[in-house]
Every structure is written in structure tokens, then in C-alpha cells.
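# Structural overview
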Amino acid sequence: MTVLVVTLLVAASVAVLAYPLLVRRPVDPNEQAEELSLGLRKARDRVYEEIRVLQQEYFLETVSQEEYTEQLQAARLRAAELLAQQRQVQQTLLSIGEDVEEQMRLAGDGEREP
Amino acid sequence: MADLGTATITVALALAAYGCVASFVGANGRQAALVVSGRRANYMATLALGVAVLALVTAFLSNDFSIRYVAEHSNLAMPRIYTWVAFYAGNEGSLLFVAFALSSMASLSIVMTPSRAGTLRAYTNGVLMLILTFFVVVLLVLANPFVELVAAPFDGIGINPLLTHPGMFVHPPMLMTGLVAITVPFALGMGTLLSGRIDDEWVDSARVWGLVAWALLGTGLLLGAWWAYTILGWGGYWAWDPVENAAFMPWLALTAFIHSIMVQKRRGMFRMWNIALINIAYSLGAFGIFINRGGPVPSVHSFGASTLGWVFLTFLGVATLASFGLFFYRLAVLRSTHALESTLSREAAFLVNNLLLLGIAFATMWGVVFPLISELTTGRTITVGEPFFNQVNGPMMLALIFLMGVGPLLPWRTATWATVRRALVVPVAITLAITAAVAVVFEVRIVAVLVGTAVCTLVAVSVLREWVRGTIARHRASGAAYPLAFAALIASNRPRYGGYVVHLAIVMLAFGIIGSTFYGTTRDVFMRVGDSATVGVYTVEFAAVETSTFADRTEREAVLRISRDGEPLGTMRAWNGVYPSFQMVSTRAAIRSTPVDDLYVIFSEVQPDGQTAAFRLLVNPMVWWIWVAGPFVILGTVIALWPARQRAVAYVELPERAGARLAEGAP
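Residues numbered from 1 in each chain as written. Chains lettered and ligands numbered in written order. Predicted model: local features only at pLDDT ≥ 70, side-chain atom pairs only at ≥ 80, totals over all residues. Heavy atoms only, no water.

Let us look at the overall build of chain A. For chain A, the count of helices and strands is three helices and zero strands. Overall, chain A shows an N-to-C arrangement of helices and strands of α-α-α. Evaluated residue by residue, chain A yields a buried proportion of 31% over its 114 residues. Sequence-distant contacts in chain A: of pairs separated by 6 or more residues, those separated by 24 or more amount to 67%. In the form shown here, chain A has an accessible surface area of approximately 7,600 Å², with 59% of it arising from carbon and sulfur atoms. (Helix = DSSP H or I, 4+ residues; strand = E, 2+ residues; numbered from the N terminus. Buried < 20%, exposed > 50% of the residue type's maximum accessible area, 1.4 Å probe, protein only. Contact = heavy atoms within 4.5 Å. Areas by Shrake-Rupley, 256 points an atom, 1.4 Å probe, with all protein chains shown as cover.)

This is the structure we're talking about:
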């Protein structure tokens, strides 16, 4: 039984480990785009969280009206900046994608021309 | 089973080593396929170690005494239920358990780390596999639980009697798992440094795994205290024993980490500090494994001692040097996005909390290593006793609890003295009133007790006040019933309110410690059957002694009738067992536990006439609260870990509209 179990384990390990080396997964261009906007999204989420906590503390009267207004204003400005940056990144990526498609289309047309 | 066990550990070693190399090479060379392959080696190593665990359990269940470890830690008389305890009763089995626990958590953490983490995930996997490789090498070369005897004995030696206790089913595995669980946030920190992605990507995963390790260690420590209280027969629950301290120190560092990582999560601050903290926590965890499995100092846990000390000491040294070396190498880029704006803020409170926790950890460390230092320098082992730990750590712990009460009342970023005054005036007034009432009603005259009562009350009042105010405000705003409004309040900020539940548990724990430390009563008596003795308000009558003989032990039970002010309270049974093969007498105290006090009776010695016995009678006030704290720690951790729903915040809208409103100067 020992030989059988160990053989199965070794065979399964070799197969599982070798599979990704032998079968290459095509690169997904969306992954790159997602990674680019990820940092901005996380930073934005953190500002949202900061605002939520600030509201809660205001609710519980831990911060004064002036402190609340001042900190909320600053946080909203940062959130707006991050949202704008994120949108810019997405639009740039989109336009790059469109440019690439256009180039490929033109190249295809050129090849078909006599 | 021996062959299967050794073969699967060998396969696990090959997989862990491959996983380490593939992850580092793949991450460094941006070879995605190799990284995936390395990650899969992690999962397969867990499977291989799982088979080894099953092989050892099977060997125990089938009484396979041809395996030395099975022969040394079980016998035919051992109830089947203790198989699990026998599994980790010695070094070899516990190391197999540690390797399997580490491997399982490594797999789980890598599965849970989002794929977007990229090279961070690959380097983290590499670090995890490197550490796993170390443990599996030790397991295979120096502490293989599957080594066979030349001739199998008919029966084994048996399990250590001290381990035949319900607490042993969970206390050792929790502590061991907690100690190795620190590896995950540590590996995430190292992965961050190695990948060069000095951002906050690792924060969420590290917070979750830091909390998991913290909860496992904390629960393991409490269960260990319960085991000591009920079985070691001295009436206490914490003795600053080196092995207890070895788990307590990383727990303190982790407590600091799970607080300060929140500051990084919320404010992008303390980046350097958090990496340094997790390095310290990991080094203390490795030190814990060295003390726990290496056995360099005398301890009540000596049954786990071994000659592997030098191996773990080397590992501790290498891990500490490598982690801090990498930390200093990346120091220049480990800059926080925000600086500390005010010393009067929640961030500053967290920082002071961290320093106090580390202060306690290092004072404890000094107490643990002092016997080693004295032996090296003077040739004599001088142990540091309980008074040292109590005098040094006691005030720092009180300051820490005080901060638990004040810190959450401070806002993030900055506060004015007016804000602080407004936040503190009511809790402090209520605290002073309650403390004064306690002093008068219970005639408390000990300053330390009054200070302790005051700081604990301040924490409880702060938490309860915030809950009450928050619930009322939510009830008014939404019209929801009070229980629903309270549930909504908790759900609105789970990390914060889960933390508050834990803070309340710490208050319960502190009250239990204060009560039992300052107001305990002890009396040693000899009683013949029919005699009575008084301790505190209780009268204990020795009604009978019952003897039972088993193959491996002789058990005696003292039947005790208890009364209070002449009113019968029932019968208690104190137990002891004599184990000739271990030359040991094991006891189980009879305990009558109430929220006010514990009546605790130890049945320690029976005279040759069989009718006279020595008893230790104790009244331990408020110990009940220490054990009640445990479930609250777990509950608070679960609340803090519960994933929050993703939702947008109403105040921040689409960029154009938000920008327009800001431009118009809208609030």
C-alpha cells in the first residue's frame, strides 16, 4: 500500500507542477489594465473608509463640527482627485486599445490590397 | 505505516524546496508559469504532510509499537480518545503537527491572497516554502516520528498523565498553530520587501492573518491557564513559566501589530513600523518555538523538552538577521504617505499602545533569558520569579488598559484638548463614582486594586457608552428597534466594534486577575474521613475516599461536602492518580466556580491508613471571569474578521459632480 500511495502522490505532484510549465496560458490584456487602476481604487477606498469613520465619529460627537467639516472637505477633495485619476487611466487604456485595434485593422486592409 | 510516513515527509520536503526555488526564480525572472508551479507545490506539500499525519494517527490507533514514537507515547491502556493528544505529546509528533499546520496555513493564505498581488504573492509563497523546508528537514533528519524499533515491545510506555486532560485537546495545537501562524503575515511582509512593491497591498491579508495568529495564541494561552489551574494542583493559572512566556511574548507583539496595521490601512502610516513589528513578532515566535521545542530552560512543560535547541536557536538567529537585514536594505523606500499630525490623535495613542506592549514583551524576555545569561556568566542558573514579572509588567499593563479606555475616544489625525475633554468627562466621572462605590462598599484599601478597578471601569464605561449612544442615534435616525440598531452599529465598523468586544474581554480578564491576586485565601490541612475544615466562608467536610485500580494507575477520589454559613451547597470530588511507570502523582482539583469566587480543593496526599489525607483549600475570587473572557475574545475576533460588504459612500459621488460641488464650496 505504501508504494501505491507514494507513487500516486509523486505522480500527482509531477503532473500538477508540470502542467503550468507545459501549457502556457495566453496573457490577458485586461489583467494589466486592472493592475494599473488597482492602486488608485485601493487609495480611493481608503478615503471612502476615512469619510465613513469620520461621519461615524461626528455622529458619536467624538469630533467637533469644525473638525468634521475641515476633515470631510479634505477627504472629499482627495477622493475626487483619485476618481479623476482612475477615470483618466481607464480612458487612456481604452484609447490605447482602440488605437491598437485601428492599427491592426489598417494593417489587415493593407495586406488585402493587391 | 513507518515507511509511508517517512516517504511522504520526503515528498513534502522535495515539494517545499521546489516551491521555494520556483517561486523566487519565477518572481525574479517574471516567469508566470514557474510562479504558478511553485504555488502548486505549496498545495501538494500540504497534501503530502496530511498523508504523513494520517499515517501517524493510524499507527497510534492500531497500537503499532514497532514505531518508537508510538511506543513512547501510548500504551494498550490508553483510551482511544487520547490518540490525538499522544500525537503531539513528544517532539517528533509535535513537529509533524507544526509542519502540517504551517503548510495548511501557507496554502490557505496563498489561495486567499488576490492574484492582483502579483510578485508579492510569489515572493510570499517563496518565503513560506523556505520556512516549511526548514521544518520538514528538521522533521526528517533530526526528529522523525516514524523511526522503527529493532524489536517491537508488547506494550508502550503510555501517555504522560499530565496530558490526559480535556484542555490538552486544544491548548497545545492552538499554541503551536498560533506560533507558526505568525509565519503568514511575516512572509507577506517579507514578500512586500522582496518584491519592491512598498505599498499597502499586503495590509489586508496581513491584518487577517495577524488576527488569526493572535486569536489562536490568545485562546491557546487561556486554555493553558485553565489546564494549569485544574491539573497542576497549585491553585494558580499563570506562573510566568518560560513556556507560557514564550507564547505570551509573540502574542504581545502581535497585539501591537494588529493595532498598528489598522493605522496603515486607514491612514497609510506606520509602514516601516509595521514591517519591524511583524519581524519582531516572528522572531519572538521563533524564540517561542526554541523555548518550547528546544527545552533550554526548566519548565512545567518539560515533557516537550529535547536536544534540538541549537537547531531552533540557529533558525531564530538566521530568521532575525535576514528579516531585519532586508528591512534595513529597503528602509529608504519604506516611507509612509502621511506623517503623524498630532500627538493628540488616535494614531499617537496606537503608537504608545505599541510601545507599552513591546515594553512588556521585552521585560518578559529578560525574565526568560536571565537564567540562560546567569548560567553562561556565573555558571549558576538563577531564575527570575513571579514578583519580578508582576512588579515590572503590572504597571505597564495598567497603563495599557488605561489607553484602551482613552485611545478609542480620540479622533483620527488630530484632536483639540476641548475634544478630548468633551469625550472624557462623562466616562471619567462615571469611573470615579463606581471606583469610590467599590472602595466604600467592599472596603477596598489596596491602592493597586483601586487603580486597577478604575482603569478597567474606564474601559468598560467608554465602550458601553459608545454603544449606547450609537444605538440610540441609529434608532432615532432609522426607527429600527434597539437590538437591530445595535446590530447595525456593530456591522457599520466591524474591526472597531469587534475590537471593543475584545477590550471588554480584557477587562473581565483583568478583574479576574486583580481579584484572585489580591484577595485569594489558601489553607493547607490534614483531614481524616469525617473531619471538616474552614476556608473563607466555606466549610469543607471530608466525607469519604474511593479507590479504583487500573492497569497503569491507581485513582483516589475524595468526596467532599461543602457548606457556606451552615447551608449545604452540595458535594465535590477531588481526584488524584498514582502512575507508577511515570513515578508521578497527578491531581484534578475539585472546583466550585461562581462569578464571585472559586472554592478550590486539591487532594494531594493520602496517608498509609487510607483514611487521612492532605488537602489544600483555596478561595480564589473572580477567577470565573478569566474563563468567561475566552469566548468573548473569540467573538470579538470573529466580528473584526467578518468581511464587510462593499458599498459606496453617499458623500462621494461621480467625479464631475463631486468636483463641481467642491468648486462651488459645498460642504
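Residue and element names in this part refer to chain B. Unusually for a residue other than glycine, Trp240 sits at a positive phi of about 55 degrees. We note that Met622 has phi near 65 degrees; this positive angle belongs to a residue other than glycine. With respect to the element layout, Met622 can be found in the loop between strand S9 (612-621) and helix H19 (624-641).

For the rest of this paragraph, the subject is the sheet that holds strand S8 (residues 597-606) of chain B. Residue and element names in this part refer to chain B. Read from one edge of the open sheet, four strands run S1-S9-S8-S7, paired in antiparallel fashion. A single partner strand is all that each edge strand has here, and the edge strands are strand S1 (521-528) and strand S7 (590-593). Here the strands of the sheet are splayed against their neighbours by 15 degrees on average, with no regard to which way each runs. In terms of strand pairing, S1 meets S9 through eight bridges, oriented antiparallel. The partner of Thr521 across the bridge, within S9, is Val619. Packed onto the sheet, helix H9 (residues 203-231) meets S7, S8 and S9 and runs at close to 50 degrees relative to S8. (Pairing = 2+ DSSP bridges. Axes fitted to C-alpha atoms, helices over the stretch in contact; angles between N-to-C directions.)

Our next topic: the pattern of salt bridges. Residue and element names in this part refer to chain B. Scanning the model with the defined rule gives twelve salt bridges over all chains in all. In this structure, Glu72 and Arg68 form a salt bridge, with 3.8 Å as the shortest nitrogen-oxygen distance. On the criterion of helical spacing, the pair formed by Glu72 and Arg68 is a turn pair, its members being four residues apart in helix H3 (residues 68-73). A relative accessible area of 34% places Glu72 in the partly exposed class. (Salt bridge = Lys/Arg side-chain N within 4 Å of Asp/Glu carboxyl O.)

This paragraph deals with the pairing of S9 of chain B. Residue and element names in this part refer to chain B. Counting buried residues along S9, nine of its ten residues qualify, which places the element largely inside the surrounding structure. In this sheet, S9 lies alongside S8 in antiparallel orientation, the contact comprising nine bridges. Bridge pairing in S9 places Tyr600 opposite Leu618. Linking S8 back to S9 in an antiparallel pair, the connection comprises five residues, with Gly610 at a positive phi of about 75 degrees.

If you look at the interface, chain A gives 47 residues, while chain B gives 63 residues. With both chains or domains summed, chain A and chain B bury close to 4,800 Å², and 60% of this area falls on carbon and sulfur atoms. The largest per-residue losses of area from chain A upon contact with chain B belong to Arg46, Leu60 and Arg76 of chain A, which jointly make up 15% of the total buried on that side. Linking chain A with chain B are zero salt bridges, by the criterion used here. For the pair chain A and chain B, the number of links is three residue pairs in polar contact (both at pLDDT 80 or more). (Buried area = accessible area lost by both parts, 1.4 Å probe. Polar contact = N/O pair within 3.5 Å; in protein donor to acceptor, adjacent residues only side chain to side chain.)

Our focus in this paragraph is helix H8 (residues 183-195) of chain B. Residues and elements named next belong to chain B. Taking 1.5 Å per residue as the helical rise, H8 with its 13 residues ought to reach 18 Å, and the 17 Å between its terminal C-alpha atoms agrees with that figure. The buried fraction of H8 amounts to twelve of the 13 residues, a majority that puts the element mostly inside the structure. Within H8 the residues assigned to the buried category are Thr183, Val184, Pro185, Phe186, Ala187, Leu188, Gly189, Met190, Gly191, Thr192, Leu193 and Ser195. Trailing H8 by a residue or two, Gly196 shows a phi angle of about 80 degrees, which is positive. (Expected span 1.5 Å × (residues − 1).)

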